[in-house]
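Residue-level structural notes
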Amino acid sequence: MTLSEVAERISQKIEAKGVSVDRQKVESKLRRLVDEFGVNLAEAERTVMSDLAREHKLTGVGGTSTEMHRIHDLVPGEWVTIEGKIVALSPSPSPSIAQNGIIADSSGAIRFVAWSRGNPPEMEYGQWYRIESAVINEYRGAPNLTIHSGTTISTVESDVPLIPSITPIAELRPGVGSVRAKTVQDWDVTHDRMLQTGLLGDETGTIKFVIWKEDGKEKLEPDTVYNIYYAVVDEYNGRLSLTLNSAMYIADEGDIEVGRNDTGASGVIVHVAPGSGLIKRCPVEGCNRTLSRQNYCPVHEIQPNFRYDLRLKAVLDDGTRARNILIQRDIVEELASLTLEEAIEVAENNPLGMDEVFIRVSNAVLGRYYTCGGNEFDGRLLVNRCAPMTFDPAELALLLNRAGGETA
Amino acid sequence: MNRRQISYEREPARRVFASELRETRVQFKEGEDEKSPTYVLLPSGVRANRILIVGTLTEKQRQGDQNIFYRGRVADPTGPFFIMAGSYQPEAMQQIARIEPPAFVAVVGKPNIFETPDGKSLLSIRVESISVVDRETRDLWVLDTARDTLDRIDAMGTTEDSQRAQEEYSIKPELYRKMVYDALSQIHL
């Protein structure tokens, strides 16, 4: 590494703190230490760094480049030095990226990207490396280790076995995570490049997973428990999902009682959405999609032998949050005091047809208080129990007291 | 975090008594965009883009020749709300058309402040939906609104919106507690 490269590195670190520096001055300070006083480059860097830090009253810059960090503790904005093992390498998405993958130590794992511009040495899968002066950035809501022109990479001999720590699904954060989970649902793939998608669950909850098509990638077996090491946790619209392409997954013995993400909510139904009431469903085995009024299924086209169903898509509002809810037939029948058979009869004998059922269901529930419970999924509460709220005189007494009974 | 996509979230319907809404005269828009939501700042210190009221529809009027719209009054224990539904709210208009006052109704709508020609400001609620409910729902709403109003008064000065409300309205918390108390005591008359 040359003097000017080191000067650049120092300047960048200081500038990251919002102070501008003169690179030539930095370089001449370094040169003076190295050439005139025979100080080695690493020591010169440390000295100039801490001089500048003192001069500008900065904290957290001096010395950080050689201090070791645990991967688990890394936060965006830091310059760090880590030692870790390459546990995944992904195909480079662009010529400007030399390598990308996942590096792990005993505390955790992080995604990394090495830019081609810095000419980084090629790292090998399974090998341990010491990475000095890398930067932690945020990429799609997750910390990401960036290897740039000022980063030094050296191999480290280590035979420490690396045991990934398993995270409960409810505690996953964007980044990299290892889970022990069961495949609870297998969905139709929505894209040509997708190998498999579905739902994984452990005791604490469930999460969507995706495997993209790639040589050597295998599907997960249904209802099987897997140890999944170093999957990528993505966040999209506030929801997390697991991408298994970087991960190693090994089927495991035993079973898991999958937790149900059960949530409850009380409030008023303030909106009944189109698509509520009586609907028609596609009769093709395993399809069950909602048909249009003209009996058209987006996949199986015209289906004259549809079957009827009742459902309610609505918004339950508690005054601080408006939640989308979806209620299935048996509960809609109860809330609207209307069975599916009666609804079909109404639709077939009324000039308004299915609209009449919508109006009846809507009139029965709109503007009323309910307590519902179910699984929250995809930003929507899938209701499996729901009852009208009833007036509680104790609540009235409590509120009268709160409002100040003595003033009356 | 800053560049994270913000997914669309429906504005909650705030619970507010008529006599608080009558005092409301601050209206503002968040953001420059044409579609940015408009809020009114309630004196108890929270912004409202949408509100829920449950009360008695005491009268309704059909007005206009070409552009038909409905006006109505909905009374809660503290006073009347003014509601309206025009041709931009066809469903709400048809719903009102079917209801004969007096009736207990639940109204979800957007509050709007208008300047009258004589310089007074008038708040009316543009109805999104109106439905007939029963007395128990009305009582539940009074409890709900009492609780939310007391919560807001207790949180006065702790949020940005409530600090702004304190500057704009300089309300007396004891008057609002009295209003809540009076509303609650009418439940079992």
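As a starting point, this report considers the structure included with it.

About the cut-offs
Residues numbered from 1 in each chain as written. Chains lettered and ligands numbered in written order. Predicted model: local features only at pLDDT ≥ 70, side-chain atom pairs only at ≥ 80, totals over all residues. Heavy atoms only, no water. Helix = DSSP H or I, 4+ residues; strand = E, 2+ residues; numbered from the N terminus. Buried < 20%, exposed > 50% of the residue type's maximum accessible area, 1.4 Å probe, protein only. Contact = heavy atoms within 4.5 Å. Areas by Shrake-Rupley, 256 points an atom, 1.4 Å probe, with all protein chains shown as cover. Pairing = 2+ DSSP bridges. Axes fitted to C-alpha atoms, helices over the stretch in contact; angles between N-to-C directions. Buried area = accessible area lost by both parts, 1.4 Å probe. Salt bridge = Lys/Arg side-chain N within 4 Å of Asp/Glu carboxyl O. Polar contact = N/O pair within 3.5 Å; in protein donor to acceptor, adjacent residues only side chain to side chain. Nonpolar A, V, L, I, M, F, W, Y, C, P; charged D, E, K, R; others polar. Core = buried A, V, L, I, M, F, W, Y, C linked by side-chain atoms within 4.5 Å. Parallel < 35°, antiparallel > 145°, perpendicular 65-115°, else oblique. Left-handed = near helix turned anticlockwise from the far one by under 90°. Disulfide = S-S within 2.5 Å.

Attention now goes to the overall build of chain B. Looking only at helices and strands, chain B features 5 helices and 9 strands. Helices and strands appear in chain B in the N-to-C order β-α-β-β-β-β-β-β-α-β-β-α-α-α. A burial count over chain B gives 50% of its 189 residues as buried. Of the contacts formed within chain B by residues at least 6 apart in sequence, a portion of 63% connects residues at least 24 apart. Summed over all atoms, the accessible surface of chain B reaches about 10,000 Å², with 47% contributed by carbon and sulfur.

A separate point is the pairing of strand E19 (residues 369-377) of chain A. All names here are of chain A. Of the pairings in the sheet, the one linking strand E13 (residues 262-272) to E19 comprises 7 bridges and is antiparallel in character. Looking at the pairing, Asp262 lines up with Asn375 of E19. Hairpin remark: E19 followed by strand E20 (residues 380-388), antiparallel, with 2 residues in the connecting loop; positive phi at Asp378, about 60°.

Here the focus is the sheet that holds strand E4 (residues 47-48) of chain B. Residues and elements named next belong to chain B. Taken in spatial order, the 3 strands of this open sheet run E2-E3-E4, and their pairing is antiparallel. In this open sheet, the two strands that pair with only one neighbour each are strand E2 (26-29) and E4. Both E2 and strand E3 (residues 38-41) contribute to a ladder of 4 bridges, which runs antiparallel. Note that in E3 the partner of Val26 across the bridge is Leu41. Of the strands in this sheet, E2, E3 and E4 are in contact with helix H4 (residues 160-169), which crosses E3 at around 60°.

Turning next to unusual backbone geometry. The omega torsion of the bond from Pro101 of chain B to Pro102 of chain B falls at -5°, within 30 degrees of zero and hence cis. Tracing the backbone shows Pro102 of chain B in the loop between helix H2 (90-98) and strand E8 (103-115). Residue Ser133 of chain A is not a glycine yet carries a positive backbone phi of 55°. Checked against the element boundaries, Ser133 of chain A lands in strand E4 (residues 128-139). One non-glycine residue, Asn295 of chain A, lies in positive phi territory at about 65°. Relative to the assigned elements, Asn295 of chain A resides in the loop between strand E14 (277-281) and strand E15 (296-297).

For the rest of this paragraph, the subject is the interface of chain A and chain B. Contact with chain A, which involves 35 residues of that partner, is made by 40 residues of chain B. When residues of chain A are sorted by the area they lose upon contact with chain B, Tyr369, Phe391 and Arg402 of chain A head the list and together hold 22% of the total. When the shortest N-O distance is used, the salt bridge between Arg147 of chain B and Glu395 of chain A registers 3.0 Å. Connecting chain A to chain B are 11 residue pairs in polar contact (both at pLDDT 80 or more). Where the side of chain A that touches chain B is concerned, the elements lending two or more residues are strand E10 (225-236), E13, strand E17 (307-317), helix H6 (354-365) and helix H7 (393-404) of chain A. Looking at the side of chain A that touches chain B element by element, the count peaks at 7 residues for H7 of chain A. Here the side of chain A that touches chain B is composed, by residue class, of 15 nonpolar, 11 polar and 9 charged.

Next up on the list: the environment of Ile325 of chain A. All names here are of chain A. Note on placement: Ile325 falls in strand E18 (residues 322-327). Considering only alpha carbons, one finds Ile325 and Val272, 53 residues apart in sequence, at a separation of 9.8 Å. The residues contacting Ile325, other than those within four sequence positions of it, are Ile269, Leu312, Lys313, Ala314, Leu316, Arg380, Leu381 and Val383.

Before going further, it helps to spend a moment on the nonpolar core. With 66 residues, the main nonpolar core has Ile53, Ile83, Trp141 and Leu184 of chain B as its most contacted residues. Counting residues per element, this core draws most heavily on helix H3 (residues 135-154) of chain B, at 7 residues. Beyond its immediate sequence surroundings of up to four residues, Trp141 of chain B is in contact with Tyr369 of chain A together with Val16, Phe17, Leu52, Ile53, Val54, Asp76 and Phe81 of chain B.

All names here are of chain A. The contact between helix H4 (residues 329-336) and H6 brings their axes to 9 Å, and the two run at 70°. Put simply, H4 runs roughly perpendicular to H6. The two elements H4 and H6 cross, and the hand of that crossing is left-handed. Two secondary-structure elements touch here, H4 through Val332, Leu335 and Ala336 and H6 through Val361, Ala364 and Val365.

Residues and elements named next belong to chain A. Per the stated rule, a full pass over the model turns up 1 disulfide over all chains. Summary of cysteine pairing: Cys282 is not part of a disulfide, and the nearest cysteine sulfur, belonging to Cys287, is at 3.6 Å. Overall, the relative accessible area of 2% leaves Cys282 in the buried class.

Attention now moves to the packing of helix H1 (residues 3-15) of chain A against helix H2 (residues 23-36) of chain A. All names here are of chain A. Packing of H1 against H2 leaves a shortest axis separation of 9 Å and a crossing angle of 130°. By the criterion of interaxial angle, the relationship of H1 to H2 is oblique. For the pair H1 and H2, the sense of crossing is right-handed. Residue-level inspection shows Leu3, Ser4, Val6, Ala7, Glu8, Ile10, Ser11 and Glu15 of H1 in contact with H2, the latter providing Arg23, Val26, Glu27, Leu30, Arg31 and Val34. Partitioned by chemical class, the residues of the contact of H1 with H2 number 7 nonpolar, 2 polar and 5 charged.

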